[in-house]
Amino acid sequence: MNDQTTNQVAVAGFDSVTVRYGAVLAADAVTLSVPRGSVYTLLGRNGAGKSSLVRCLLGQQKPSSGRALLLGNDAWKTRRIAMERVGVVPEEPDVPPGMTAAQAVAFCSRLYRQWDGTGVAERLRRFAVPTTIPVGRLSKGQKGQLALALALGPRPELLVLDDPTLGLDVVARRELYEELVVDLADRGTTVLITTHDLAGVEGIALRVGILRQGKLVLDEDMETLKARFRRITFGRRPAAELVTERALTAMGAVRVAGGEWGFEAVVERFAEDGFGRFASEAGVVEPEARAMSLEEIFVAVCGEERGGVA
Amino acid sequence: MRGLLAVAQREVVDRRMWLLAALAAGLIPMAAPLLPWVDAGSVAEARSMLASVLAATLTAAGTLALGLSMVGSDLAERRLGFYFARPLSAGAIWWGKLAASFLIVVLVGVLAALPTALVGGNLVLRDLVGLTADGAVLAGGSVVFVLLVLALAHALGVMGRSRSVWIVLDLVAAVAVGGAIWAVGRRFMLAGPMTLMTWLLASSLTVVLAALLAAGWVQVAVGRTDPRRGHMALSATLWGTLGSFALAVVGYAAWVFAAIPSSLECLWEVMPASSGSWSLVSGSSAGRGDYYPVFLLDAATGRWVSLEPTPHWWWFTPMFSADGRRAVWLQPTGLDPSDTRQVVLAELSEPQPRPVATSLILGRSARNARLSPSGQRLAVLAEKTISVYSLPEAALVRASRLDAHSSQISIRFATDDELVVSVWPETGPSTATAVDATLWRFDVRSGKLERTGTLDASRYRDDWGIPADPLGELRLAFHPRGSEMELAMHDARTGALKASLLSQPDQPLLGATFLADGRIVVGESRTAAGEPARVHLFGRDGRLLRSVAMPDGKIGGFGSEVAPDVLAVRLGTLESWAGRGGNTVLVDLEAGTVRRLAAGHVPIPSVSWWSPGRTPATPGSAASRLFRTPEGGLALYDPASDSFTTILDTRWPRT
């Protein structure tokens, strides 16, 4: 990946990044880029390598090979400078437990050239995060909101959220995503988010990457992704078995299941004309194509036979 | 710097409980009057002691606890990412946390002692400062110590928390590096170069501290939030640095101990055997600091034997047999100079002489050792017991305890079977008083130790600056007689006065020596009458045989007979004997003539105060013809050609 090119189009990315822990391969030659202004959602099951990649991107871990690129430069080498323009919400809240929120804000505000003190204070007030008691005594949701407030304090160009909703209740999750949407709308901040909360990010993600066993198996705009995946249900006359199989294969059938109630197929190359031909095939009864949620697509890609979604 | 200060400030705030605890602990000594075992008169003392103990304990505990946790706990609890997700350099994180921990430790000590200090308590710490008389050294040492413990505790904390197999490497490396440094340090301590040891200790401390601090930094910079990677980085830096240092130290030590005679740049000591061509030479060597290599050097062939120097080597200086074919010395077996010592010998007649340790191990107090003329027996004085050992058999021959009130005892072999023992009063002798010495005879064959006489009113110990009678029958002694100093000849066994040889004003001092055939040479430097200095030759009956006037100056001391009846005499004063340069004349005692040697050549004294009991060198032997060159080197004089052959090209010591 060319740095100059990346700097122009990508805020973050990975160039053949491999991460090994002894014999364990956490990330296998992953290459992707996060375009400026996008909301990139990196999905994967537990142990798929998401957090390792995020640590590499944040310059906290050196890849075994390849380079993580942050704001166009090698993240390992330029972490300190890059962090002026990057906000991070970690998987586990890591603000020292003895600190109060006010102390954490004061500490962070000294480290950045620009700091949106008013915005941070407003955000903490809005989410009723106590500022005078130690962080260790805050609820998980409050810690998450504090982390988000601290991450947005320096008005970052890139916001990295490593499974930020882990352990949050539904309300807290919604608040967090609403906050992100507001912020995105205000600033056009690029966001890289790893999460298991597929439903939560579905509404904000512009691009999706899916990791499976350390390999990047999907990297695509959300719009095209959702457009090409469909769940098709249909009935079938006995003699039409060969015909339907051929048609579904042409649409990239990922999975086909059947029973007395009929058949269901997930296809990854859905097209209206192709579906029209399938529907008009003799022997196909009451065909119906239904759009799939991100979670359904994820399950289809990672596959229940491969263990399902965690 | 902004980031470092922010981190440091945060750490101080985060660990403020230590400061509060220290302040609270500092108030505890105020309750000293309530303690049942403290009476009214010792309240202040008890308060001071309590405050000192509390301050020291809290400081030590704080240093250890903060060192273990300043980075380690954040790393273990996965909170270090909080710092790395900010625009903070690894240096700001590490040095900021270290600086804060250091500050807290200092404040803990101060706060714990403050209340007592405010009420006028005399803290033990203050006494310590007074004792060392150098508060800056104590403060500097404390800073180094605190930093060392902080960094060490941090390293141990990271090693322990990473739970990686690298800890095995750490243990192996620690043993290897520590063992290497200890081995070198021990050898230096045995050899006694204090300056080198001080440098070794100081540089070891400095390198260890620097390595620990650097390793902590690298661990944070390279390991970042990964404990195992951090452990690897820390270990690689720490052991890489310390290993390199240990290798350098071992290499340097090997080089230091591999000195050869030509390595000597400045000779401190040259002591030839009475016969033959071997000498003890010792001096300084460039780059070896105050490590002074010691060699037995054969002036005739250039062969040499390296000896292990010791811190108190004059106690154990090698002794030569009368024929110069054997050298024997005592080698301390431990670091403490009062440890046991092993008898080591070198057969100098062998083609390649080498030190051979015998199985004779002498006791802690064995210092005063003498070798018999044949080199077969060794007499050792320990406490007040005289023991004679057979070297070929490595066995005790005889031992007897001397019934004397004084421990000021000297021994010398008259023959292989007879020892003459002199006992001086505990308080003397000194240069200011004259004292009586009792004389004893120890018969080695019978083991009988008997008192034989008294040496009256002697000013110097008989083995102080005058060689022994080669025939073992006479001894010379100085006696204060009013304002005069008399040199007298006595019977070696009974102390009976046999003849008064010369008397002159106390200053300048008389110089005297035996010749190899037993005659006596005395130097007289009269100044009052303006007469020239003279060398007097006396027979063994005390009769003056000849007087030879010196061309100018005074007599500085005697060398040896470079040929039969040709004595090397250094002009100058006794006080300048150890100095550089000067003129030497050869006095023909038979013809009464004097011939100058080339300027600047100085004869090697035939005796020195740390080589008692030696007999004069055999005339014409290599030992008798050793001279210091004008530059300070060592040369062999050839009377036939009146020329010098340089043996060691060294320099005079810089003064």
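Nothing here was measured: the structure is a model prediction, and the numbers come from that model.

Conventions used here
Residues numbered from 1 in each chain as written. Chains lettered and ligands numbered in written order. Predicted model: local features only at pLDDT ≥ 70, side-chain atom pairs only at ≥ 80, totals over all residues. Heavy atoms only, no water. Helix = DSSP H or I, 4+ residues; strand = E, 2+ residues; numbered from the N terminus. Buried < 20%, exposed > 50% of the residue type's maximum accessible area, 1.4 Å probe, protein only. Contact = heavy atoms within 4.5 Å. Areas by Shrake-Rupley, 256 points an atom, 1.4 Å probe, with all protein chains shown as cover. Lys, Arg positive; Asp, Glu negative; His and termini not counted. Charge placed at Lys NZ, Arg CZ, Asp CG, Glu CD. Axes fitted to C-alpha atoms, helices over the stretch in contact; angles between N-to-C directions. Parallel < 35°, antiparallel > 145°, perpendicular 65-115°, else oblique. Left-handed = near helix turned anticlockwise from the far one by under 90°. Nonpolar A, V, L, I, M, F, W, Y, C, P; charged D, E, K, R; others polar. Domains from an automatic or database assignment. Phe/Tyr/Trp six-rings, centres within 6.5 Å; stacked < 30°, edge-to-face > 60°. Lys NZ or Arg CZ within 6 Å of the ring centre and 35° of its normal.

*Asks:* What is the right way to read the overall build of chain B from this model?
*Replies:* When its secondary structure is counted, chain B shows eleven helices and 31 strands. For chain B, buried positions account for 52% of its 655 residues. Long-range pairs, those at least 24 residues apart, make up 52% of the contacts in chain B with a sequence separation of at least 6. Counting every atom, chain B has about 27,700 Å² of accessible surface; 62% of that belongs to carbon and sulfur.

*Asks:* For this particular structure, what's the right way to read the overall build of chain A?
*Replies:* Within chain A one finds twelve helices and 14 strands. Here the C-alpha coordinates of chain A stretch approximately 75 × 40 × 35 Å along the principal axes. A buried classification covers 52% of the 310 residues belonging to chain A. Of the contacts made within chain A by residues no fewer than 6 positions apart, 69% connect residues no fewer than 24 positions apart. Placing the 38 positive and 39 negative side-chain charges of chain A at their respective mean positions leaves the two points 6 Å apart.

*Asks:* Got a minute to help me understand the packing of helix H6 (residues 90–118) of chain B against helix H10 (residues 194–223) of chain B in this structure?
*Replies:* Relative orientation and spacing of two packed helices are given, respectively, by the angle between their axes and the distance between those axes. Residues and elements named next belong to chain B. The interhelical angle for the contact between H6 and H10, taken along N-to-C directions, is 135 degrees, at an axis separation of 8 Å. Considered as vectors, H6 and H10 are oriented oblique to each other. Handedness of the crossing formed by H6 with H10: right-handed. Contacts from Ala 90, Gly 91, Ile 93, Trp 94, Trp 95 and Leu 98 in H6 reach Leu 212, Leu 213, Gly 216, Trp 217, Val 220 and Ala 221 in H10. Within the contact of H6 with H10, the residues separate by chemical class into ten nonpolar, two polar and no charged.

*Asks:* Just checking my understanding: could you explain the domain arrangement of chain A for this structure?
*Replies:* Much of the literature gives interface size as the accessible area that the parts lose upon coming together. Segmenting chain A into domains produces domain 1 (3–224) and domain 2 (230–291). Computed over C-alpha atoms only, the centres of domain 1 of chain A and domain 2 of chain A are separated by 40 Å.

*Asks:* Could you clarify how one ought to interpret the packing of aromatic side chains in this entry?
*Replies:* Two numbers describe a pair of aromatic rings. These are the distance of the centres and the angle of the planes. A full pass over the atoms with the stated rule returns 18 aromatic pairs over all chains. Ring geometry for Tyr 112 of chain A against Trp 115 of chain A: centres 5.5 Å apart, planes inclined by 25 degrees, an arrangement best described as stacked. The exposure class assigned to Tyr 112 of chain A is buried, which follows from its relative accessible area of 4%. Of the aromatic side chains, those joined through ring pairs into one cluster are Phe 234, Phe 263, Phe 270, Phe 275 and Phe 278 of chain A. Over the face of the ring belonging to Phe 257 of chain B we find Arg 187 of chain B, whose NZ or CZ atom lies 3.9 Å from the ring centre. One residue, Arg 288 of chain B, lies across the ring of Trp 255 of chain B, its end atom 3.8 Å from the ring centre.

*Asks:* Honestly, the environment of Gly 447 of chain B in this entry has me stumped. Any pointers?
*Replies:* Residues and elements named next belong to chain B. Counting through the fold element by element, Gly 447 comes out in the loop between strand E15 (435–443) and strand E16 (448–458). On a C-alpha basis, the gap between Gly 447 and Ile 386 in space is 9.9 Å, while along the polypeptide they are 61 residues apart. When near neighbours in sequence (up to four residues on either side) are disregarded, Gly 447 contacts Arg 398, Ser 400 and Phe 442.

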